[in-house]
Structures are given as structure tokens and as C-alpha cells.
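The primary structure of each chain is shown beneath.
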Amino acid sequence: MRFLDNATRRDVQAVIDDNAEALRRIPGFVGAEPGFPIVDGRIFREPAIIVFVAHKKPPAHLMQEERAPRQLGPFRVSVMQASPQRQLEARESLQSLSDAIVTASASELTYEPIEGNPIDEEYEVNSSLLCHVGPEAGWPVLKPFIEATRQTLTTAMYDFNADYIAKTFIDTVRASDIKAVFTWDDGMTAPETKIREKLRSSLGDQLDGWIVKCGANRRFASAYHEKVAVRDSEAFWLSSGNWSVRSQPDIDPIANPAQAPGMYSKGNREWHIIVEDEALSRLFERYIEHDRDGSEAESHAGEPGLVMDVVEVPRLPDLLIPLENLVADVELAASIVDLVEPRRLPSSNRPVRIRPVLTPDNYLPRIMELLRNAKSSIYLQFSYINFSTAAHDGPFREMLALLADLSYRPKMEIRIIVGSSDAADKIRKLVENGFNEQCFKVQANIHNKGIIVDGEIVLISSTNWSSDGVLRNRDAGLIIYDPEIAGYYKSIFDDDWEDRARSGLEDDPPVVLAEVDEPTPPGMARINWRDYYP
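Residues numbered from 1 in each chain as written. Predicted model: local features only at pLDDT ≥ 70, side-chain atom pairs only at ≥ 80, totals over all residues. Heavy atoms only, no water.

### Quick look at the overall build of the protein
If you tally the helices and strands in the protein, you get 17 helices and 25 strands. By the compact-globule yardstick of 24 Å for 534 residues, the protein fits well, its C-alpha radius of gyration being 23 Å. Each principal axis of the C-alpha distribution contributes one length, and for the protein these read about 70 × 55 × 50 Å. Across the protein, every contact between residues at least 6 apart in sequence was considered, and the portion connecting residues at least 24 apart equals 83%. If you sum the accessible surface of the protein, you get close to 21800 Å²; carbon and sulfur atoms cover 49% of it. The average position of the 59 basic charges and that of the 84 acidic charges among the side chains of the protein differ by 3 Å. (Helix = DSSP H or I, 4+ residues; strand = E, 2+ residues; numbered from the N terminus. Rg over C-alpha atoms; globule rule 2.2 N^0.38 Å. Contact = heavy atoms within 4.5 Å. Areas by Shrake-Rupley, 256 points an atom, 1.4 Å probe, with all protein chains shown as cover. Lys, Arg positive; Asp, Glu negative; His and termini not counted. Charge placed at Lys NZ, Arg CZ, Asp CG, Glu CD.)

Listed below in C-alpha cells is the structure:
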């Protein structure tokens, strides 16, 4: 069966309901639902009862009475590791936090687009674009971009936790009496809070910084997720990656080849680009200032905690992950290193068509257009793709349904690389809802959110494929219509597909929620929620 249809789901759910008490006695039980099981690393297309537990253990580690039944009624029982998100939803003590996330996604947002929707225009750029990727060429290119600032630096950033980037930012702004505008997501981690305090105390009036609050009845649902920096209203850097240690690792393996071995375990796969074009630069600058002005207006209206000295807000719990899964893929750390140097493209003097995209303004319709017009191939590399059943997420499901249909067309090549966090469960849900499982591969340390169509068009973006990411958060991207530029990123995708991504679905690692004051157990590491779900 291609889909797990609603009638079959109801039949399986009836059996789950009839056996609810017995299922709840399974050690670490988190929940149960109808679904396709994973058997020997492959999705088995038959209805089954999927039982989620907080820590899945090998059968040899369980006593007979601790094991889940192999079958209930006519349906196989398959035990899976519960993702941190599922554990959060099931934990009674965290129910208010889980409910707040759901409420935020379903609420009306206060964000209002700029009149005339100027983001939804096509631009012709007559200068070459500086194409580069991480981990090898992130910080080595970003650093001189920042340092070249002479008058203004306007930045929107989700996660800023790298001290060396903060130092360069502060030194540059101080050295040339630069005016800096900085808009920042409100979900601060401890390292970000320290950097925010350092920026405020070091730059004073030179910094016009604002926290953009997200949540129910605010500007955006769950994240101010943009990664854009505009320099002197003339050039801008746009990326899938944050100003973080993982997205911009402090390495330069191109200049220093000794740093190349193991570089894929030190930083994420990211796609970056620098565009020198005044019209597009001023456009992104205008939208960043639009978000700054909206936050300032909310502050003046009596909404506290929107300027840079905002106190910490309640945040998602930390996670405990086995140490062996942190360097998740030893094979990845030791994999073939193909250093990709930055390139200015196109190599000939010709204009490049570019369409900017923002969520929630115009991302979804432009991506739907991109997918519908594909002729031969669609390649995607995303941190994750989350299916949603929520009633208000219909437009997001429509986009996924379009891609799912294309994944079965005989003359259309669909390749999808997703990050390794909860990959088995996420891919399984997509297959239940119509995707061809043969189009998926899994790769560790993926933070990219890019698409290549027909080898001629490339999307570079910060938009994750979740319902909030596509419909209700703030993200930025560029659709670039140029075969040479698309070919640059396609060659990197091809190398990842062949050399670093893996087929087959391994069990998701036993990542569990950490208590606030809980010591880190032996053999485990404590990581921030935002580092696990970038």
C-alpha cells in the first residue's frame, strides 16, 4: 500500500485502544499510534502498531516481561525510540510548554507584511555572486565580509553563540564608527545571553539591537530564524547557517589542509552566498528594519522584554544523548574530504535572475511554483522534513503532497538528504503519507535547507521544512536561476549523496529529556534543544 489511509488507521487505533492498559505497562512507554513499521532498516508497507518508548534497548537487555508483545490482533507491534518532541508531549510536568508550542502554531500572528509585498519581485543582478559552503569555507569567508564594513551593518540572526564572531563584529563596529542594527530570536541559550550582554556593553549607542519575540499572538510562531547580514546597503551575506560554533566553525581547511581530516564532524553542511547588489541589499535591509520597528512598537505599547537587555525566557529542556552518537557518524568524520573552494559565479559577464523569498511572506507559493515547473530532477538537502496533521497546516501538506507525487513519477529524479536527528521516525511518517522511500538518504551534521531543480535553479535558504518553518516563522532565501551557480551547489550535493549520506534506516539514538538540575550520567552528553533541532 502506498498510503496509510484513514480507514486503516482507525482499525489499528481501535486495537490500540482495546489494549491501552497493557501497552502502558511497557517500561518507558511514551505512546502508541498506527503506522508503517521499519523492518531490517527498510519501511514495511503494512499497517502496524508503533510503540514509542523513552529509551529503546536491544531485546537481549530486556527481561521477557519487559518486552512489548510481537502482535496485537491482526497487527504487528513495532517498538521505536521516541523522539524528544514526542517525549515532551507525553511528559505531564512539561505539558504547559508543549501546549504553548501548539497554541503558538495555531494562533493569529501580529506580523504584517510590508505594503505592496516588495519581496515578491524578481531581480537582475549584474555582478558575480560569491558561492561557498560549510564546514570548509563558512567563517573564512564571513569574517572578511564583516570586516569590510565601513558605514552600516544590518543583521538578522537566529542563533549567535560563537565568541570569535562576536569579537570580529565588535571590533569592526568600533573601528569605523559603524551603526549596527541587529534583530535576534528570543530563545536565548546561556552562551547567547553572554554574547548579547557583551554586544550591548561594548557597543552602546552604536548598536540598535532588538529581540523579536515569538509565540502565541506574537509576530512569528516559534522562531525568528533568518540568517542575513547586509553591509553598507550594498552587499549581503545569506545562509542556511547561524553565527554559531557548528555553523561557522573556526577552521580554514582550504588554507590549512591539515585541518581537513575530520572536518565534517567539526561543523555542519551549510550553503552560503554573498551578493553584491544595492537593490537586493536594501530590500533585505528594509525587511530587517521592518522587524526591528515592529518589535520597538510592541515595546512602546507595553510589551516587556523586547530590547537587547531582555531577561531569559522559559525554554525547552536540554537533552541527554549517548556519547557515541555525538560523533554520530564515525564514518562521516573519517569520510572522503573534498574541499570546495569559494567561487565567484557566473564565470562570464552576464546577468543573473534572482527571486528573494521570505517566510511567511512569499516562500510557500514560490517553492510550489518551483516544484511544479521541474522537468527532470529535484534535489533537496534539509535538516529535517516534518509531516504535520494539524488542521491549520493544510498548505504545508499540499506542498509535501506535490513532492510525494513527483517522487513516484518515472521520468522525475527525486533525491532527498535529511539530517540524522529522528530521521527514521520522520522518514517513516513521510512514507506513510505518500513518499517513495527510495528517494531518501540520511547524513549526519546537516543544517542545510537547499533545493536544486533540473540542475539549473538553486534555492539557498534558512527555512526548515516544518509547518511553522514554511508558514509562520521568519526565514530568508534566494531562488537563483543560473545553471553555473546551480551546478556549483549540485556538485556538492552529488558528493554528499555518493560519499557521505547513507541508505537504510537505523534506529534513532536514545535521546532523552534532561531534568533541570540533573547531573549528566556517565556515557551521556548534555546538549541544548536548539543544537539537536537546528
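Picking up where we left off.
### Side note on the side chain of threonine 8
Looking at where threonine 8 falls in the secondary structure, it is placed in helix H1 (residues 6-18). Exposure remark for threonine 8: the relative accessible area of 16% places this residue in the buried category. With residues near it in sequence (within four places) discarded, threonine 8 still touches Met1 and Pro47. (Buried < 20%, exposed > 50% of the residue type's maximum accessible area, 1.4 Å probe, protein only.)

### Side note on the nonpolar core
Nonpolar side chains tend to gather and get buried jointly when the protein is soluble and globular. Formed by 52 residues in total, the largest nonpolar core has its most connected members in Ile367, Ile378, Ile416 and Trp465. Examining the composition of this core, we find that seven residues originate from one element, helix H13 (residues 394-406), more than from any other. Sequence-distant contacts of isoleucine 378, defined by excluding residues within four places in its chain, comprise Leu371, Leu403, Leu406, Met412, Glu413, Ile414, Arg415, Ile451 and Ile452. Val125, Val340, Val352 and Ile452 belong to the second largest nonpolar core, which has 48 residues in total. (Core = buried A, V, L, I, M, F, W, Y, C linked by side-chain atoms within 4.5 Å.)

### Describing the sheet that holds strand S6 (residues 75-81)
One open sheet accounts for four strands, arranged S1-S4-S6-S5; its pairing is mixed. The outermost strands of the open sheet, each flanked by one partner alone, are strand S1 (29-35) and strand S5 (71-72). With six bridges connecting them, S1 and strand S4 (residues 48-53) associate as antiparallel partners. Paired with glycine 35 across the two strands is alanine 48, which belongs to S4. Across the sheet, H1 is in contact with S1, S4, S5 and S6; its angle to S1 comes to roughly 150 degrees. Strands S1, S4 and S6 of the sheet are contacted by helix H14 (residues 423-432), whose axis makes an angle of about 25 degrees with S1. (Pairing = 2+ DSSP bridges. Axes fitted to C-alpha atoms, helices over the stretch in contact; angles between N-to-C directions.)

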